[in-house]
Structures are given as structure tokens and as C-alpha cells.
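# Geometric and topological summary
Residues per chain are reported as follows:
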Amino acid sequence: MEFEHYIQQGQQKLRCGYTTGTCAALAGKAAVRMLLGGQKTEEISVLTPKGLLVTTAVEEIQSGDGWVSCGVRKDAGDDIDVTAQSLICVKAKKTAGTKIVIDGGVGVGRVTKPGLEQPVGAAAINSVPRRMILQEAEAECLDAGYEGGLLLTVFVPDGEALAKKTFNPQLGIQGGISILGTTGIVEPKSVQALVDTIGLEIRQRRALGEDALLLTPGNYGMEFLKDRPEFASMTPVQCSNYIGEAFDFAVSSGFSKVILVGHIGKLVKLAGGIMNTHSRVADCRCELFAAHAALAGVSRDVIGRLMEAATTDACLEILDEEGKKETVMQSLMKKIGQHAAHRLGGTVEVTVLVFSNRFGVLGETQCQEI
């Protein structure tokens, strides 16, 4: 059944979908319910972290001695997603003890490089989906009065083929796709509609009399800003990957100052003058770290390790081990400030604050102008 939740982007009404993480929670809940209750479940619901209820059909139900598996079909809504209409499946099996273990099977990638959310060797099932799967399984166990153990194995029949269309191989995730999602919901992105919406929100902020504009790309930045009291009086505008366009709107709207707060994974690209941070446009994060590390005098071996790193946190970890993290970040921040000021045309003061979920605040430019 179709998920009936919509968002308005410009003049377009777009249907939302739900993540692979939500699918895994749905399939896991159905599998555990059938394993413990013994009755076929043809429809299942979960409440996502965003607070929206998702209800869908259960497919590919199979069972054996002490186990049940079933699947849920990924609904991407109007978003462009390689996993759309793929089956996300979970096999629930009774085990000794009382622990519920979540693992990945066929078509779910394995982490082979450090720096990702999950450790090396673990299935590429991120923390929010793991939490969702566990919560639903625990609730079913409680309802059934079951106190034994469970092994919940997430698998995706066409996951290995799908992964070749993603960045997983470059990130060091081998053998399948990742099970992802922070809100449980996929919001479709029409590029022009999204850019128009960003522009509208920026103009609204100026119309309300605000003279300084606070920008952040997305959810990581919004979470970070919650704990920064100096920004408590400001309403951030989420600019997604369209930092250059947001800067242009700030200039045309008449702001005198822009503050950009974001995760290193996106904002390091500004050090190369890249103002659209989507990975489809450019992904030179490791190259930028390597170039600035070379300027800081690190060895050729370290530069090679940086070039092979899976994430920016992995780059930071390497530099931290070498005692060069602060030096390299100072160099990157200088270029970030220069490119930001250049895009703003020298008419607007700009401060850029960069952070990492692991290392905290990494650097801050101070009112860079050209």
C-alpha cells in the first residue's frame, strides 16, 4: 500500500517514502510476531522516529524449525533511489540466552574500512535502524511473554547488485547496500523546487528584520546547533547541498552577515571552492585532506592513507595520530573562509564553523572578506 504523506516544494507536491531502516524494522517486527505467535501476519506498522506511522504489506513469508523470515518492499515515494521497490528482509531465529542480536546477511554490506558509523567487520546497519529493529522486536517479545534470545538477520536479495550503483564500494562497504535512515522517512528532493524553497525561506528571514543569516546543510547541523547557546536566538535555514545558492540569496536579500555551520564531511569541499556539496557533483574530501596534509609536511605514507580513507572522520583520526589534525584544519579553514567570502562577493561578512560528530568543533573562520 502507498505511503500517503506529502511535502510541498515550491509549486510541487511530492510524496514521501520510507528508509531501508524502516523497512528492516517492519520486516523484523513481522518476522518476530509470526515466530512467537504462530499466525500469519499480512500487514505490519511501525512508528518512525519522525513520528509518522508507516503501514505496509508483508511479503515473501517463509518459515522453518525455530525461524521465520519475511520482507517489506521499499517505498521511496517521489525520491530517486536505487533501492526503490527492493525487498528488505529479516529472518528471526530463536537462540539460547536472552539477548537479541542484529546482523546482516546476503545483500547487506560489511564494513571493511575504519571511520564509518559501524566498526570494521560489522554489518552496515546504522545505529538508528538498529535501534528501531531492536525496539520493535523487544515489544513483540513482551507481548508474547517470550524471554529467550533472538538472532535477527537483515538481508536484501538484490543488495549486492544494487550496491554497485552506490558509493559503498568506495567507502569500504563490501557485499551489499547499507541499511540507513535517521528519521525513518525519505523526503523527495526536486532540485529546483528545493532551491526555490531555500531562497524563499532566506528572504522571509530578512523580511522579518534579521540582519545575520544562520545556515546549516541538514540534520547533523540542526542537532549540533541545539547545544550551542550563542545561536539560540537565531532560526537556522537548512540549505541542503546548495551552499552557493544560499550565499547568493543572502547577498540579494541584503544580509550583512552569514554564519554557516556544518559537518566536516560536507564543508571540507568548500576548501576546494565546491559550493554544491552533493557527492554526485564532486567528492574530493580525501584529496583535500591529503593536499593540506602535504602542505603541513606529513609523510608520503600518511598522504596515501588519507587518500584511501573512507570518511572525513577517518582522515581526522589519521591526522590526530600524526599530531597534525589542528595544523591541517587551520589550513583547510583558511581556504574555506576564502572561498566563502569570494562567493559572497566581499559585501557580506561570513563565519564558517565546522564540526565532527566524533571530534567536536574543528575550526571557525572569523568574518572573512575579500
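The numbering scheme is per chain: residues are counted from 1 as the chain's sequence reads. Given that this is a predicted model, residues contribute local features only at a pLDDT of at least 70 and side-chain atom pairs are listed and counted only at 80 or more, while totals for whole chains, interfaces and linings are drawn from all residues. In computing side-chain values, all of the structure's heavy atoms are included and hydrogens and water are not.

Under the annotation held in an unreviewed UniProt entry, the protein carries the name Cobalt-precorrin-5B C(1)-methyltransferase and is attributed to Gallintestinimicrobium propionicum. UniProt positions are given in the numbering used here, feature names are shortened, and annotations may be inferred rather than shown by experiment. Listed in UniProt under the heading Sequence similarities (unreviewed entry), the comment for the protein reads: "Belongs to the CbiD family."

Each salt bridge in this description consists of a side-chain nitrogen of Lys or Arg and a carboxyl oxygen of Asp or Glu lying within 4 Å of one another. Under the definition given, this model contains 18 salt bridges. Between R15 and D75 there is a salt bridge, with the nearest N and O atoms lying 2.9 Å from each other. Placement of R15 in strand β2 (residues 12-15) and of D75 in the loop between β7 (67-73) and β8 (87-95) is noted, with a sequence separation of 60 residues between them. Here R15 matches D75 in class, with each residue buried. The partner of K74 in a salt bridge is D81, with the nearest N and O atoms 2.8 Å apart. When a residue's accessible area, from a 1.4 Å probe over protein chains only, is under 20% of the maximum for its type it is buried; when over 50% it is exposed; and in between it is partly exposed. Relative accessible area serves as the criterion here: at 2%, K74 is assigned to the buried category. The partly exposed category is assigned to D81, whose relative accessible area is 25%. A single network of salt bridges, built from pairs that share partners, joins R305, E321 and E322. For helices the rule is a DSSP run of H or I covering at least 4 residues; for strands it is a run of E covering at least 2, with both sets numbered from the N terminus onward.

This next bit is on the pairing of strand β16 (residues 212-216). By the criterion of burial, β16 is predominantly enclosed, with four of the five residues buried. Pairing geometry for β16 and strand β18 (residues 257-263), over four bridges, is parallel. For A212, the partnering residue across the bridge sits in β18 and is K257. Between any two strands, at least two bridges found by DSSP are needed for them to pair. Where β16 meets strand β17 (residues 237-238), two bridges bridge the pair, whose relative direction is parallel. The residue bridging L215 from the neighbouring strand is V237, located in β17.

Glancing now at the environment of T20. Relative to the helices and strands, T20 resides in helix α1 (residues 20-37). Spatially, the C-alpha atom of T20 lies 23 Å from that of N357, the residues being 337 residues apart in sequence. Once you skip the residues sitting within four places of it in the chain, T20 turns out to touch K74, T83, I88, I177, S178, I179 and L180. Polar contacts involving the side chain of T20 include one to the main-chain amide nitrogen of L180, which spans 2.9 Å. Any two residues whose heavy atoms approach within 4.5 Å at even a single point are treated as in contact. Any N or O atom pair separated by 3.5 Å or less is treated as a polar contact, with the protein-specific requirement of one donor-capable and one acceptor-capable atom, and with residues adjacent in sequence counted only for side-chain atom pairs.

As a general point, the strands of a sheet are linked pairwise by backbone hydrogen bonds and lie either parallel or antiparallel. With mixed pairing, five strands are arranged side by side in an open sheet as β17-β16-β18-β19-β20. Of all the strands in the sheet, just β17 and β20 (360-364) have a single pairing partner and so form its edges. Running at roughly 165° to β18, helix α7 (residues 243-253) makes contact with β16 and β18 of the sheet. Note on geometry: axes are lines fitted to C-alpha atoms, helical ones only across the stretch in contact, with angles between N-to-C directions running from 0 to 180 degrees.

As a further point, take helix α9 (residues 285-295). Every buried residue of α9 is listed here: R285, C286, L288, F289, A290, H292 and A293. Turning to α9, the residues buried within the fold contact α4 (168-171), α8 (264-267), α10 (300-308), α11 (312-321) and α12 (325-343). Immediately beyond the C-terminal end of α9, within one or two residues, lies G297, with a positive phi of roughly 90°.

Turning our attention to the nonpolar core. Ranked by internal contacts, the top residues of the largest apolar core, which has 54 residues, are I202, L215, F247 and F289. In terms of residue count, the dominant contributor to this core is α12 (seven residues). The residues touching I202, leaving out its near neighbours within four places in the chain, are L213, L215, V237, A246, F249, A250, S253 and F255. Buried residues of nine kinds, namely Ala, Val, Leu, Ile, Met, Phe, Trp, Tyr and Cys, make up a nonpolar core once their side-chain atoms join them within 4.5 Å.

Our next topic: the state of the cysteines. A pair of cysteine sulfur atoms is labelled a disulfide when the two atoms are within 2.5 Å. Taken as a whole, this structure holds zero disulfides when the rule is applied. Here C23 stays free of any disulfide, with the sulfur of C89 as its closest cysteine sulfur at 9.9 Å. With no disulfide of its own, C286 lies 4.0 Å from the sulfur of C315, the closest cysteine sulfur. By relative accessible area, C286 is classed as buried at 12%.

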